[in-house]
Structures are given as structure tokens and as C-alpha cells.
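Each chain, written out:
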Amino acid sequence: MEPLAELDARYSSEDATAPPWPEAEAMLSAAELFWISTVRPDGRPHVTPLPAVWSQGALHFCTGPEERKARNLERNANVVLTTGTNTWNKGYDLVVEGEAVRVTDDGRLRELAAVWEEKYGSFWHFEVREGYFHHGAGHAVVFSVAPRVVLGFGKGEPFSQTRWRFE
């Protein structure tokens, strides 16, 4: 079921309209870079950029199992991924809130590896073994984030703020 778009009139121009979900989904699919926010064990935030792919209604990212974000997610799976532009007067920003769930099924990981390579090219070719992506000498865990809430921010006239809620 498609989420309903709710335009927040408090932060939107009078002539703004809420984009339909398929437009926001297309932007998530096309975005090359995301910023991931996780929470350290002591409560401090950790933010870093990474590539991600949109597949089957969720964002997916990978990371080394010993990296800070992976270690943070072991304790607190709540995560925010953001993408957009670094301008204030044009473009569209998206904020995806959800829970990071580890993907371990090799069949699903092979599907995701193909999506990664199709989107980012052969540099991002992954072999799949025993629940991990393998690239060169390293390996990575893969997480799926099905959105609970997505916020959209239209920048420039008309400015807009939209919320999509997922059940």
C-alpha cells in the first residue's frame, strides 16, 4: 500500500503541493550519495556518507562489520538516511527514518549485489558468500531500512515540507 503524502502548510509556500510517493521513490532510487546517522553507545551521534540502493520498498547499504556505524547498529538499530542537494534555494531533500535490519540471505544478497553494480558500475561488484558481500580482501554486512517515515523538503519557490507515513 502506498503511503499518503501530507503537506505541512506551516513550512510550505501557499501554492506548494505534496509530491506523490512514486516521485519521492524515484528520487531515492536515483540518489547516488546518502548520509547515514546512527547513535554511538554513549549517545553521541555518528554521521557519515555512503552509497545506497533502493530495492523492494527499502533503502540498502553496506559497511564493514567493524566500522563505527555497524557497531552502533548492533546496539541501536534506529537509523536516519538523508539525501538531496547542498543548496537552500533549489532541489529536493529526503530524510528516511527506519530500523536497519541485517540482510543475510545469500539469494537476496545476490539480487542486491546486482542492483549495486547496475547503479554504481563495476567498481561496486560484490561476490556473495555466507551472508556477506565480498570485495577484494574485505567483506561487508548489508542492511535494509524500510521507511517508517520519509520527510521531503522542496527548496526554492514553491518551498514545501511533506511527510509520508508507512504502517
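Residues numbered from 1 in each chain as written. Predicted model: local features only at pLDDT ≥ 70, side-chain atom pairs only at ≥ 80, totals over all residues. Heavy atoms only, no water.

A.B. asks: How should I be thinking about helix α2 (residues 68–75) in this particular structure?
C.D. replies: Owing to its 3.6 residues per turn, the α-helix brings residues three or four apart onto one side. Within α2 the residues assigned to the buried category are K69, A70, N72 and L73. On an axial view of α2, the arc spanned by its buried residues comes to 160°, and they lie on one face. Facing away from the buried side of α2 by more than 90 degrees, the exposed set consists of E74 and R75. On its buried face, α2 sits against β2 (34–39), β3 (45–50), β5 (58–63), β6 (78–83), β7 (92–103) and β10 (138–154). (Buried < 20%, exposed > 50% of the residue type's maximum accessible area, 1.4 Å probe, protein only. Helix = DSSP H or I, 4+ residues; strand = E, 2+ residues; numbered from the N terminus. Arc of directions from axis to C-beta. Contact = heavy atoms within 4.5 Å.)

A.B. asks: Looking at this model, I keep getting lost on the side chain of D93. Mind explaining?
C.D. replies: One can find D93 in strand β7. Within the local environment of D93, its side chain forms a polar contact with the backbone nitrogen of T85, the two atoms lying 2.9 Å apart. Only 2.9 Å separates the side chain of D93 from the side chain of K155, close enough to count as a polar contact. (Polar contact = N/O pair within 3.5 Å; in protein donor to acceptor, adjacent residues only side chain to side chain.)

A.B. asks: Explain the environment of G136 to me, please; I cannot follow it from the model alone.
C.D. replies: Position of G136 among the secondary structure elements: in the loop between β9 (132–135) and β10. For G136, a relative accessible area of 78% puts it in the exposed group.

A.B. asks: What exactly am I supposed to notice about unusual backbone geometry here?
C.D. replies: Excluding glycine, residues mostly have negative phi values, and the peptide bonds linking residues are mostly trans. Residue P158 follows E157 across a cis peptide bond; omega there is -5°. As for its placement among the helices and strands, P158 is situated in the loop between β10 and β11 (160–165). With a phi close to 50°, Q56 is a non-glycine residue in the positive phi region. By secondary structure assignment, the location of Q56 is in the loop between β4 (53–55) and β5. Using a relative accessible area of 66% as the deciding quantity, one classes Q56 as exposed. Phi at E130 is positive, roughly 50°, even though this residue is not glycine.

Read these as geometric descriptors, not functional statements.
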